[in-house]
Amino acid sequence: MFAVDWIALRTLLSKEVRRFAKVWSQTVVSPLVSTSLYFLVFGVALGSRLRNVGGVPYMEYVVPGLIMLAMINAAFLNTSSSLFQSKINGTVVDLLVAPIGPFEMLVAYLGAAMLRAFIVGTLVYGVAAAFVGPKLAHPGWTLLFSAAVTASFAALGLISALWAEKFDHLAVVPNFVLTPLTFLGGVFYSVQMLPPPWDTLSRLNPILYMVNGLRYGILGVSDVPPGRALILLLTLLLLILAAVARLLARGYKLRS
Amino acid sequence: MTPPALRCDQVVKRYGDFCAVDRVSLEVDGGEIVALLGPNGAGKTTLIGCITGLVNATGGTITVFGQDVRRDFRTARRLVGLVPQEINFDPFFTPLESLMIQMGLMGQRPDRAWCEELLDRFALSDRRDAYTRHLSGGMKRRLLVAKALVHRPKLLFLDEPTAGVDVELRKSLWDEVRRLRSEGTTVLLTTHYLEEAEELADRIAVMRRGRLLVVEPREAMLARGQGRSLEEIFVELVHSEEPPCSP
């Protein structure tokens with residue numbers, strides 16, 4: 001029978017939130033600063049030369065992509081660093097001996113990571129709004145895309161932490177997967193600006209759909225139909241959640 | 001009939017061809033203190049891991065107060081406390097926070113007064129708000145014991161709790177184990193200090209190469225030596241004939 005230990009779930013969630021809150025300058029302010037720099041360089045410096053993209057001023061156009069970039073990183077790093085550190089310093093034992101199932105672990109880790117990502121995303125949005133004014137074309141879509149993307153990357157962070165045996169392993173996904181896919185995922189440009197075959201190839205990149213989904217939510221414009229992007233994202237999320245739940249249930253690289 | 005505090009029945013743990021725990025069967029009654037002895041690599045920690053959920057046993061069954069540790073893992077784990085062999089600490093939290101968190105993780109509403117009482121009992125009160133990374137080795141070891149006790153387990157595993165600690169702390173941990181027994185807690189401890197087993201244990205078990213060689217009341221074990229020390233008996237036991245690993 002499916003059972004949930006709500007006290008344990010709440011405790012783990014609260015522990016994970018307090019963990020990132022205790023180092024807020026690193027977990028919240030740092031991504032805000034780096035994303036603001038992107039915004040200043042690509043938006044303010046280059047934006048004046050590029051004018052409009054898809055009928056939107058370039059400075060506005062890059063905002064959703066930068067918010068998505070910051071949220072993806074925050075969600076992924078929160079779960080991956082927390083679980084991996086507990087494996088390295090041995091405190092994962094505290095979890096393994098507790099009457100906690102995969103559901104509690106998944107919900108608590110994902111909940112904390114999503115909260116951190118939403119805080120970071122909101123702050124970046126606030127900075128952008130100070131430059132280009134507040135824009136929120138479709139709040140519901142914005143929330144949906146943000147939730148689906150942050151949950152997906154938080155779960156990917158868990159998989160990465162489970163698999164990693166040393167710090168080098170932990171850096172593989174952010175360095176060799178996340179960063180290239182994000183930069184090639186239409187954060188700073190529209191795929192319609194690309195010549196063939198790059199425009200078609202770009203459509204194989206799932207981050208393109210995430211960025212454009214949020215762009216639709218915030219600005220009301222997108223390179224891809226938002227409904228199709230959402231279905232793709234939710235399918236991806238379900239697959240990732242199923243994978244991580246299975247790994248946690250097996251105790252993959254946690255229980256020998 | 002009351003089920004035993006711990007029942008291991010033909011427990012096996014294999015890592016490929018290596019047999020870390022080989023058909024171990026053991027029963028521990030409520031309120032007993034059992035010392036599990038054995039040389040390094042004998043399988044003591046792996047066996048404890050199989051019971052506490054750190055290790056997935058390859059075969060056999062384990063119950064804690066009648067609860068199967070795999071099928072009824074939630075109930076079983078609430079009954080068990082573990083002081084792991086390796087010192088671990090979460091650098092983000094203070095001793096008081098660590099205890100409150102562990103109590104919640106074990107499914108109990110965090111009780112600040114009880115956590116403070118535990119800190120007091122383990123002489124950590126004056127460091128309760130310091131980050132755990134700033135504690136001394138002995139303090140971290142005491143915090144581990146306090147964490148294992150925070151949910152008031154009925155069965156406590158102490159995996160080499162006094163390894164590398166000074167004499168004073170060792171004696172205070174012994175006092176704590178006696179106190180737990182007087183409160184009805186069942187204790188299974190592994191140790192390399194034979195005087196510890198002699199001092200505390202009701203029964204002594206010896207493992208070697210994954211096999212449980214002998215489990216006897218302390219007096220019976222000492223009587224084997226006909227006046228020789230437990231150390232001599234132990235050396236003789238672990239150097240007896242090679243037990244083959246089961247196929």
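Below or above, wherever it landed, is the structure these notes cover. (Residues numbered from 1 in each chain as written. Chains lettered and ligands numbered in written order. Predicted model: local features only at pLDDT ≥ 70, side-chain atom pairs only at ≥ 80, totals over all residues.)

Here's the deal with the overall build of chain A
Short version of the rule: Put simply, DSSP marks the helices as runs of H or I at least four residues long and the strands as runs of E at least two long, and each gets a number from the N terminus on. Our radius of gyration is a C-alpha quantity, and the globule rule it is checked against amounts to 2.2 Å times the number of residues to the power 0.38. To sort residues by exposure, count the other C-beta atoms lying within 10 Å of each residue's C-beta; 20 or more gives buried, 12 or fewer gives exposed, and values between give partly exposed, all with C-beta atoms placed from the backbone.
Within chain A, the regular secondary structure consists of eleven helices and two strands. Sequence-ordered secondary structure for chain A, helices as α and strands as β, is α-α-α-β-β-α-α-α-α-α-α-α-α. For chain A, whose C-alpha radius of gyration is 19 Å, the value lies close to the compact-globule estimate of 18 Å for 256 residues. Across its three principal axes, chain A shows a C-alpha extent of roughly 60 × 35 × 35 Å. Looking at chain A as a whole, 47% of its 256 residues are labelled buried.

Comments concerning the sheet that holds strand S9 (residues 203-208) of chain B
All names here are of chain B. Rule in force here: A pair of strands is labelled paired if DSSP reports no fewer than 2 bridges between them. Simply put, an axis is a line fit to the C-alpha atoms, just over the touching stretch for a helix, and the angle between two N-to-C directions goes from 0 to 180 degrees. Our contact criterion uses C-beta atoms placed from the backbone: two residues qualify when those atoms are within 7 Å.
Across the sheet, six strands lie side by side as S6-S7-S8-S3-S9-S10; this open sheet has mixed pairing. Lying at the two open borders of the sheet, with one neighbouring strand each, are strand S6 (80-83) and strand S10 (211-217). The average angle at which neighbouring strand axes cross in this sheet is 15°, direction not considered. Pairing of strand S3 (residues 33-37) with strand S8 (residues 186-190), which is carried by four bridges, proceeds in the parallel orientation. Pairing of Ala35 across the sheet is with Leu189, part of S8. Sheet strands touched by helix H6 (residues 167-182): S3, strand S7 (155-159) and S8. Its angle to S8, the strand with the most contacts, is close to 150°. Where helix H9 (residues 230-238) meets the sheet, it contacts S3, S9 and S10, and its direction lies at approximately 35° from that of S9.

Overview of the environment of Val120 of chain A
All names here are of chain A. Locating Val120 in the fold gives a position in helix H6 (residues 102-132). For the pair Val120 and Met68, spaced 52 residues apart in the sequence, the C-alpha separation amounts to 9.9 Å. In this structure Val120 touches Val28, Pro31, Leu32, Ala70, Met71 and Ala74, once residues within four positions along its chain are discounted.

Quick look at helix H8 (residues 167-183) of chain A
Residues and elements named next belong to chain A. In plain terms, the rule: Expected span, for any helix, means 1.5 Å times one less than how many residues it has. The term bend refers to the angle at a residue between two fitted axes, each drawn through seven residues, those ending there and those starting there.
When the terminal C-alpha atoms of H8 are compared, their 23 Å separation across 17 residues agrees well with the 24 Å that a helix rising 1.5 Å per residue should span. Where H8 bends most, the angle comes to about 25°, and this point is Val177, followed within four residues by the proline Pro180. Among all positions of H8, only Leu170, Val173, Leu178 and Thr182 are buried. Buried residues in H8 make contact with helix H4 (58-89), helix H7 (139-163) and helix H10 (206-219).

Structural notes on the nonpolar core
Counted only if it meets this: The term nonpolar core refers to a group of buried residues, namely Ala, Val, Leu, Ile, Met, Phe, Trp, Tyr and Cys, whose C-beta atoms join them within 7 Å.
One finds Val62, Met71, Ala75, Tyr109 and Ala154 of chain A together with Ala146 of chain B to be the most contacted residues of the largest nonpolar core, which totals 152 residues. Here this core takes 18 residues from H4 of chain A, the largest share from any one element. Not counting residues within four places of it along the chain, the set of residues in contact with Ala146 of chain B comprises Leu99, Leu118, Leu119, Phe122 and Leu124 of chain B.

Remarks on the interface of chain A and chain B
Counting residues at the interface gives 23 residues for chain A, matched by 25 residues for chain B. Those elements that place two or more of their residues in the side of chain A that touches chain B are helix H1 (6-22) and helix H5 (92-96) of chain A. With seven residues, the single largest contributor to the side of chain A that touches chain B is H1 of chain A.

A short note on the sheet that holds strand S1 (residues 6-15) of chain B
Residue and element names in this part refer to chain B. Taken together, four strands build an open sheet; the order of strands is S2-S1-S4-S5 and the sheet is antiparallel. Each having just a single partner strand, strand S2 (18-28) and strand S5 (67-68) make up the two edges of the open sheet. Sheet analysis places S1 next to strand S4 (residues 59-64), joined by five bridges and oriented antiparallel. Bridging from a neighbouring strand, Cys8 pairs with Ile62 of S4.

Some words on the pairing of S6 of chain B
All names here are of chain B. Of the two faces of S6, the one carrying Val80 and Leu82 and the one carrying Gly81 and Val83 are both buried. Note that S6 and S7 share four bridges and pair parallel. Counted as the bridge partner of Val80 is Leu155 from S7.

Any functional reading would require information beyond the geometric quantities listed.
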